[in-house]
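# Structural overview
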Amino acid sequence: MTTCVVVKKNNQIAIASDSLVTFGDTRLSHAYEVNEKIFPVGDSYVTLAGTAAHFPVMRKLLTGMGDECKLGNRDEVFETFSRVHEILKEKYFLNTKEDEDDPYESSQITALIANPNGIFGVYSYREVFSFDRFWGIGSGRNFALGAMYAAYDKAASAREIAEIGVHAGAEFDKSTSGPFRIYSIPMRD
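Residues numbered from 1 in each chain as written. Predicted model: local features only at pLDDT ≥ 70, side-chain atom pairs only at ≥ 80, totals over all residues. Heavy atoms only, no water.

### Quick look at helix α2 (residues 74–92)
With 19 residues, α2 extends 25 Å between its outermost C-alpha atoms, agreeing within 8% with the 27 Å of an ideal straight helix rising 1.5 Å per residue. Three or more residues of α2 are buried, namely Val-77, Thr-80, Phe-81, Ser-82, Val-84, His-85, Ile-87 and Leu-88. On its buried side, α2 packs onto α1 (54–64), β7 (110–115), β8 (118–122) and β9 (128–131). Where α2 starts, the residue carrying a side-chain oxygen 3.0 Å from the main-chain nitrogen of Asp-75 turns out to be Asn-73. Among the residues trailing α2, Phe-93 stands out with phi positive, at a value near 60°. (Helix = DSSP H or I, 4+ residues; strand = E, 2+ residues; numbered from the N terminus. Expected span 1.5 Å × (residues − 1). Buried < 20%, exposed > 50% of the residue type's maximum accessible area, 1.4 Å probe, protein only. Contact = heavy atoms within 4.5 Å. Polar contact = N/O pair within 3.5 Å; in protein donor to acceptor, adjacent residues only side chain to side chain.)

### What to know about the sheet that holds β8
Read from one edge to the other, the open sheet built from 5 strands follows the order β5-β6-β7-β8-β9, with strand pairing classed as antiparallel. Looking at the sheet topology across the chains shown, the edges are occupied by β5 (38–41) and β9. The average angle at which neighbouring strand axes cross in this sheet is 25°, direction not considered. Sheet topology places β8 next to β9; 4 bridges connect them, and they run antiparallel. Bridge pairing in β9 links Phe-120 to Ser-130. Relative to β5, α1 is tilted by about 10°, and along the sheet it contacts β5 and β6 (44–49). Packed onto the sheet, α2 meets β7, β8 and β9 and runs at close to 150° relative to β9. (Pairing = 2+ DSSP bridges. Axes fitted to C-alpha atoms, helices over the stretch in contact; angles between N-to-C directions.)

This is the structure in structure tokens:
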């Protein structure tokens, strides 16, 4: 799995991830392949947790949508990921099945988005959250969330808090490892 985080503080936005890929008990570290878990889409940065199969698909899909890919606010993210779900089913043969009692088809996606407008999370049923302070996804998220919570009021910047989050994930989660990718951008006024 992974540890990915987004943070908003003092008019700065940050997004960070580790670089480890795992296949069951096998680790594919940065020493064997440069694993980029954060990719740019317009003025946004996107990162994912879950199967490694999502990364090439979502990178190609989101960057290929052009002006149809809008990620500037919660409603735009929802509309974009609703369209993404259709494309995943039609073009990439997404398996939408999770549990028998699910209320909607699953996109099988867990993502974080950071851009000058804010920080957002997207979950399997296209639930979109707009976070005020920070959030994390992946197997190391609980460690990252705890560390970021403890550091938030003391740290000066969103970047510093994001770095603390991914380092905590790597310290305690067996499926998280550096090097880390961290991007920070100013918030839009």
